[in-house]
Amino acid sequence: MGIIIDVLITAAYVRLRTLLSVDRITLICLESSFILPSPAPLGSLLVQFKQFHLLSSCKLVSLYFLFIMDCELDAYFDLAVKITKTGGQLIRDRIWKTKSVKTKASESDLVTETDHEIEALFIDDITKAYPNHKFIGEETTASGKEVTLTDDPTWIIDPVDGTLNFVHGYPNACISVALVVNKTLEIGIIYNPVCEMLFTARKGRGAFLNGAPIKVSKTKELSRSLITIEFGTKKSKEESDIVMQNINILRPLTQGIRCIGSAALNMAMVALGGSDAYFEYGIHAWDYAAGTLLIQEAGGVVIDPAGGPIDLFSCRMLCASTPTLAQEISKLIKQHYPTRDL
């Protein structure tokens, strides 16, 4: 038993040291707090833990499950990236070819066979590996499946974000997938396979583009910002009027406004520092779940457009490089409250 405890504690400590990438680690386990130097001689590691009375069963279990959970998330992430690249190949191969296209809510709200194939690819492959995992997908939801979120690992999937772009051969189309565990975002992936831009994020580990770390711009002044706004796929007069009002409000106050045609890619550009802010009403969890984690891990902020905390199922989102910029935009724009997803 002593050898097993040695191995578990050593593995947990080394994993934490690797994750945090710091010279000294402060860990809090129940009522005890202790500091260990890094690197600590592994031969003396167990002795140091014993000195701080951390071998009670519940504390050991806490360290053990932290280590195991992180290993599981590594496996989830690797599988999701693999599926994403496979799905991306379908987009890349078909973007300039004839497609089978159907309309959903409006003439500009489209779905193709590729949307369905990629979403099915995620659901089938993940279910084979992890039968208890749940899914919230754009196309399965559109077909009538109810949106529910529990504490179970739940994948939120947009198989082709920017379907209208994809249909027209405009290369701003991507796959967006996020993993929520215990209602907390843990993984975010956004992949534009045409431009070969793979954005990834893990909670607490930073944000990356093709493996290289990325950061937001840190712009605080609206007058120095480039922002993105979308017109959306719905055509009601109220929604169209609000979009135009907000463009008219912000255009004179910024350096420029852009429209990419993909919510996920708009958020990826904020995470990358290419743009400074983006907001939209009427989007869904699958549009902005992955982007939310990506921006947060890149050092930016994601909030409700009215200034409160972000809600993945409110169909409203505002993201920016800094809290200052986010709050300034929030105070200026006209608000709209679509029907919630959940």
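The structure presented is a predicted model; accordingly, all values stated were derived computationally and were not measured.

*Asks:* Any chance you could break down the nonpolar core for me, citing the residues and the numbers?
*Replies:* Ranked by internal contacts, the top residues of the largest apolar core, which has 40 residues, are I190 and L294. With sequence-adjacent residues up to four places away left out, L294 is seen in contact with I190, F199, T200, A201, A207, I214, A268 and A271. Core analysis: the next-biggest nonpolar cluster, separate from the first, contains 26 residues, I126, F135, I157 and I189 among them.

*Asks:* Report on the sheet that holds strand β8 (residues 184-192), specifying residues and quantitative values.
*Replies:* Here 7 strands make up an open sheet; going across it, the order is β5-β6-β7-β8-β9-β10-β11 and the pairing mixed. Only two strands of the sheet have a single neighbouring strand rather than two, namely β5 (134-137) and β11 (212-213). As judged from the 6 bridges shared by strand β6 (residues 154-161) and strand β7 (residues 174-181), these two strands associate in the antiparallel manner. Note that in β7 the partner of W155 across the bridge is L179. Against the sheet, helix α4 (residues 113-129) contacts β5, β6 and β7, and its axis sits at roughly 155° relative to β6. Contacts from helix α9 (residues 285-297) reach β5, β6, β7, β8, β9 (197-202) and β10 (206-209) within the one sheet, and its direction differs from that of β8 by about 100°.

*Asks:* Lay out the environment of Y191 in plain terms, naming residues and giving numbers.
*Replies:* Residue placement: Y191 occurs in strand β8. Residues Y191 and T84, 107 residues apart in the sequence, show an inter-C-alpha distance of 7.2 Å. Sequence-distant contacts of Y191, that is, excluding residues within four places in its chain, are made with T84, K85, G88, R92, A173, C174, I175, E196, M197 and L198. One polar contact links Y191 to E196, side chain to side chain, over a distance of 3.1 Å.

*Asks:* How would you explain the packing of helix α8 (residues 263-272) against α9 if you had to name every residue and give the values?
*Replies:* Angle between the axes and distance between the axes: these two values describe a pair of packed helices. The contact between α8 and α9 brings their axes to 8 Å, and the two run at 5°. By the criterion of interaxial angle, the relationship of α8 to α9 is roughly parallel. Residues A263, A264, M267, A268, V270 and A271 of α8 touch α9, and the partners they reach there are D287, Y288, G291, T292, L294 and I295. Here the contact of α8 with α9 is built from residues that sort into 9 nonpolar, 2 polar and 1 charged.

*Asks:* So what about the pattern of salt bridges? Which residues, and what values?
*Replies:* Counted under the stated rule, the structure contains 12 salt bridges. Measuring nitrogen to oxygen at the nearest pair gives 3.0 Å for the salt bridge that ties D151 to K183. Of this pair, D151 sits in the loop between α5 (138-142) and β6 while K183 sits in the loop between β7 and β8, placing them 32 residues apart in sequence. Take D151: its relative accessible area is 43%, and that puts it in the partly exposed class. Here the salt bridges share partners, and the residues they tie into one network are D74, R202 and R205.

*Asks:* How would you summarise the confidence of the model for the protein chain if you had to cite specific residues and measurements?
*Replies:* Atom-level detail of predicted coordinates should not be read off regions where pLDDT is low. On average, the protein chain scores 85 in pLDDT, and the residues at 70 or more come to 80%. Between residues 19-58, whose pLDDT stays under 50, and residues either more than four places distant or in other chains, the model counts 70 contacts.

What counts as what
Residues numbered from 1 in each chain as written. Predicted model: local features only at pLDDT ≥ 70, side-chain atom pairs only at ≥ 80, totals over all residues. Heavy atoms only, no water. Core = buried A, V, L, I, M, F, W, Y, C linked by side-chain atoms within 4.5 Å. Buried < 20%, exposed > 50% of the residue type's maximum accessible area, 1.4 Å probe, protein only. Contact = heavy atoms within 4.5 Å. Pairing = 2+ DSSP bridges. Helix = DSSP H or I, 4+ residues; strand = E, 2+ residues; numbered from the N terminus. Axes fitted to C-alpha atoms, helices over the stretch in contact; angles between N-to-C directions. Polar contact = N/O pair within 3.5 Å; in protein donor to acceptor, adjacent residues only side chain to side chain. Parallel < 35°, antiparallel > 145°, perpendicular 65-115°, else oblique. Nonpolar A, V, L, I, M, F, W, Y, C, P; charged D, E, K, R; others polar. Salt bridge = Lys/Arg side-chain N within 4 Å of Asp/Glu carboxyl O. pLDDT = per-residue confidence, 0-100.

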